[in-house]
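One letter stands for each residue in the lines below.
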Amino acid sequence: MEKTWAISGVDLHLDLPRAVAGAEAGTGMGTGTGAGERGVRASLTDALREAVRSGRLAPGTRLPSSRSLAADLGLARNTVADAYGELVAEGWLTARQGSGTRVAARTAPPRPAPAHRRATPPRTPPPPVHDLRPGPCDVSSFPRAAWLSAARRAMAAVPHEAFGYSDGRGRPELREALAGYLARARGVRTTPERIVLCAGFSQGLALLGRVLRQRGVKSMGVESYGLWIHHDIIERAGIRTAPLTVDGHGARVAELDDEARRNVRSVLLTPAHQFPTGVPLHPDRRAAVADWASRTGGLIVEDDYDGEFRYDRQPVGALQGLAPEHVVYCGTASKSLAPGLRLAWLVLPEHLVADVVDLRRTGEWGMGVLDQLTLAEFINSGGYDRHIRAMRLHYRRRRDDLVSALARHAPHIRVTGIAAGLHAVLELPLGTEHATVQAAAWRGLAVQGLSAFRHAAVDESAPSPVPDGRDGLIVAYGTPAKHAFAGALETLIDVLPAL
C-alpha cells in the first residue's frame, strides 16, 4: 500500500493501492472513461468510504474540492467527482452549493434493550454537580480582557529573539518583573538571575528533586498532611519522604533534629498557610527551621502556593527572607490566575542556580514564551496587583458566606484555617468524616476529608492536626464558579452531621 496525502484545502490521508496512486499521471484533467479509470475510481471510493465508516473522517468534515484532490493524487478530476457523487448517492457524503462536500451526519444504531430489565439502584454516586475539592481557583474569574490587552502590548514590544531558545532560566522580562514583585509583595530577597521559570510547581519540584538526588540527597522532610502528588514527585526522583508532625502551629520542625531524621538535609514546607490545615508556621518555628538549615547546611523548599490571599491584616511574609541561601522559594500563578497557564517560578540559592539551569536546558523541561511575556507585562502594568486585590475581596466574601452559613445552620461545626487562602477546615465529630464525604457524593457534591491528605507513613492513630483528634472536611470555597457557589454551599450544609 502506498500512502498519499492531499495538501490543498484540508489535509486528507488515504490508503490507495500502489498501482492506483499516480495511475492517471499524465492524463491531466481529462475525463478518463476507460476500464482503468473505473478501477481507480472504485479504489478511491472504497478508501473514502472506509475512512468515513471507521470514524477517521468525522461527520461534518469538509473534504477537498474535486479539483484539489485530483491534482494532489495525480488523478483525473472527473474520477474524483464521480467518486464523490457515488458516495453522496449512498449517503456517506453531502454536497451543497457554497459549502462544498462534507461527511454526512450519521446516527449510531440504538443499543438493544436487555431482555430482563430491572430497576436497581446505582452502585456508585452520580457525577458531581458541585465541586468543593481543593485544587483550582475560581477559573471563571480569570481576567480575560486584561490578559488579552497585556498579551497585545507584550507582542507589540517583544524582540524577535524572544521566539528563539531560552537561556534555561526563562524569559528575562518575567524574571525581572517577578524579582520586583516578590520583594515588594512577599518579602523575597532575590535578583532576576536567581529566578528560574517552570511549567507549574510540579515541574519545579521535579527539577529540584532531580538536582538534589544528583547531589546525594536521599531523604526529604515533608509535612505529615499535604498533597500526595508532591510526595510522589519527590519519591520518583529517588528521595525518600520523612513526615513531620503537623499541629496547630504548623509543622514540628524540631523533629528535624531527631536521631531518626539525622540524614534529612532538606524539607518541603508550606509556611505561610499550611496545606491543608490552613495554619501558618509559628514565628518561633520559622526561626528554628531557618537556624536548622544554616547550622546543618540543609535546604528548605518553601511552597508559597497562595501567599497573596491573606484576610486578617497580619501578612505572613516568605520564609525565604530569613535565609536566602538556604531556602528555595516556589511561587505559582495557579491560585492567583489559573492553573492552566502552567506558570511557576523558583527563587534559588546561588549554589543551586547552575545545576537547575543545566538540567532545564536538557529539553524535557521546556515551556512556551507567550504567557511568560504576557505575565511580565501584566505585572509591570499593575494589572496583576489589581487582579489580586479584586480576587482577595472576592474570596473573602465567599469565606464570610461560608462562616455565616455554618453559624446559622450548623453552629456545632467549628471552622478553622480561614485567615488566608482559598479553603477552610471544618472540624467534624469523631468518626463522621467518611460518612459525610459519602453523603455529599450521593448529593452530587465533591468534597474531601482531612484524612485524604495524610502522609502514607503516618499511622492513623497518630495525633490529628485538629483539636481533640476530631475528623475534618476540607472545603475549597475558592473553587466553584460564581454562579455555582450558592448551590454548593447549600448542599454542604445539608450533608453535615448533626450534633
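Residues numbered from 1 in each chain as written. Predicted model: local features only at pLDDT ≥ 70, side-chain atom pairs only at ≥ 80, totals over all residues. Heavy atoms only, no water.

- By the naming in an unreviewed UniProt entry, the protein is PLP-dependent aminotransferase family protein, taken from Streptomyces hesseae.
- Here is the UniProt Sequence similarities (unreviewed entry) comment for the protein, exactly as written: "In the C-terminal section; belongs to the class-I pyridoxal-phosphate-dependent aminotransferase family." (UniProt positions renumbered as here; feature names shortened; annotations may be inferred.)

## Comments concerning the packing of helix α6 (residues 201–214) against helix α7 (residues 228–236)
In step 1: Where α6 contacts α7, the axes come no closer than 8 Å and their chain directions differ by 30 degrees. Here α6 lies roughly parallel to α7, going by the angle between them. The handedness of the crossing between α6 and α7 is right-handed. On the side of α6, the interface is formed by F201, S202, L205 and A206, while α7 contributes H230, I233 and I234.
In step 2: Residue composition of the contact of α6 with α7, by class: 5 nonpolar, 2 polar and no charged. (Axes fitted to C-alpha atoms, helices over the stretch in contact; angles between N-to-C directions. Helix = DSSP H or I, 4+ residues; strand = E, 2+ residues; numbered from the N terminus. Parallel < 35°, antiparallel > 145°, perpendicular 65-115°, else oblique. Left-handed = near helix turned anticlockwise from the far one by under 90°. Contact = heavy atoms within 4.5 Å. Nonpolar A, V, L, I, M, F, W, Y, C, P; charged D, E, K, R; others polar.)

## Observations concerning empty space enclosed by the protein
In step 1: Counted by the stated rule, this structure contains 2 cavities of 30 Å³ or more.
In step 2: There is about 40 Å³ of room inside the largest cavity.
In step 3: Put simply, the parts of the chain that give the lining of the largest cavity at least two residues each are α5 (172–186) and β13 (327–332).
In step 4: The class makeup of the residues in the lining of the largest cavity is 4 nonpolar, 2 polar and 3 charged.
In step 5: Estimated volume of the second largest cavity: approximately 30 Å³.
In step 6: Contributing to the lining of the second largest cavity are A272, H273, D306, G307, R310, V316 and A420.
In step 7: Residues that form the lining of the second largest cavity fall into these classes: 3 nonpolar, 2 polar and 2 charged. (1 Å grid on protein atoms, 1.4 Å probe; cavity = no way out; pocket = protein on both sides within 12 Å on 5 of 7 lines; lining within 4 Å. Points joined across faces, edges and corners; volume = space filled by probe spheres on them.)

## As for the environment of S336
In step 1: Along the chain, the position of S336 falls in the loop between β13 and β14 (344–347).
In step 2: Exposure remark for S336: the relative accessible area of 3% places this residue in the buried category.
In step 3: The spatial distance from the C-alpha of S336 to the C-alpha of V347 is 18 Å, given a sequence separation of 11 residues.
In step 4: Discounting residues that sit within four places of it in the chain, S336 has contacts with F309, Y384, H387 and I388. (Buried < 20%, exposed > 50% of the residue type's maximum accessible area, 1.4 Å probe, protein only.)

## Details of the sheet that holds strand β18 (residues 448–449)
In step 1: Spatially, the 4 strands line up as an open sheet ordered β15-β16-β19-β18, and their pairing is antiparallel. Strands with a single pairing partner mark the edges of an open sheet, and in this sheet they are β15 (414–416) and β18.
In step 2: Pairing of β15 with strand β16 (residues 424–428), which is carried by 3 bridges, proceeds in the antiparallel orientation. Paired with R414 across the two strands is E427, which belongs to β16. (Pairing = 2+ DSSP bridges.)

## Looking at the packing of aromatic side chains
In step 1: Summed over all chains, the structure comprises 7 aromatic pairs.
In step 2: Their ring planes at 75 degrees and their centres at 5.2 Å tell us that Y181 and Y384 sit as a pair that is edge-to-face. Residue Y181 is located in helix α5, and its partner Y384 is located in helix α11 (residues 383–409); the two are separated by 203 residues in the primary sequence.
In step 3: Their ring planes at 70 degrees and their centres at 6.4 Å tell us that F378 and Y384 sit as a pair that is edge-to-face. The exposure classification of F378 matches that of Y384, with both residues buried.
In step 4: By the ring-pair criterion, three or more aromatic residues cluster together here, those being F142, W147, Y181, F378 and Y384. (Phe/Tyr/Trp six-rings, centres within 6.5 Å; stacked < 30°, edge-to-face > 60°.)

## Brief notes about α6
In step 1: The first and last C-alpha atoms of α6 sit 20 Å apart over 14 residues, in line with the 20 Å expected at 1.5 Å per residue.
In step 2: All of the buried residues in α6 are F201, Q203, G204, L205, L207, L208, G209, V211 and L212.
In step 3: Immediately beyond the C-terminal end of α6, within one or two residues, lies G216, with a positive phi of roughly 95 degrees. (Expected span 1.5 Å × (residues − 1).)

## What about the state of the cysteines?
In step 1: For the structure on display, the rule yields 0 disulfides.
In step 2: With no disulfide partner, C137 has as its closest neighbouring cysteine sulfur the one in C330, 19 Å distant.
In step 3: Among the cysteines around C330, which has no disulfide bond, C198 carries the closest sulfur, lying 7.9 Å off. (Disulfide = S-S within 2.5 Å.)

## Observations regarding the packing of α6 against helix α9 (residues 350–360)
In step 1: In contact at an axis separation of 10 Å, α6 and α9 are set at 115 degrees when each is read in the N-to-C sense. Judged on the interaxial angle alone, α9 and α6 are roughly perpendicular. Of the two possible hands of crossing, α6 and α9 adopt the one that is right-handed. Contacts between α6 and α9 involve L207, L208, R210 and V211 on the former and, on the latter, L352, D355, V356, L359 and R360.

## Topic: helix α3 (residues 77–90)
In step 1: Across its 14 residues, α3 extends 20 Å between first and last C-alpha, which sits within 8% of the 20 Å expected from 1.5 Å per residue.
In step 2: All of the buried residues along α3 are T79, V80, A83, Y84 and L87. Around the axis of α3, the buried residues are gathered within 130 degrees of arc, so they sit on the same side.
In step 3: Trailing α3 by a residue or two, G91 shows a phi angle of about 95 degrees, which is positive. (Arc of directions from axis to C-beta.)

## Section: the UniProt feature "domain: HTH gntR-type" (unreviewed entry) in the protein
In step 1: Residues annotated by UniProt as "domain: HTH gntR-type" (unreviewed entry) correspond here to residues 38–106.
In step 2: Span residues 38–106 is 55% helix and 12% strand, its end C-alpha atoms 28 Å apart.

## Examining the pairing of strand β8 (residues 240–244)
In step 1: For β8, the buried fraction is high: 4 of the 5 residues fall into the buried class.
In step 2: Sheet analysis places strand β7 (residues 219–223) next to β8, joined by 5 bridges and oriented parallel. Paired with G221 across the strands is A242, a residue of β8.
In step 3: Since β7 and β8 lie parallel, the crossover through α7 that links them has a hand, and here it is right-handed. (Right-handed = clockwise from strand over helix to strand, strands pointing away.)

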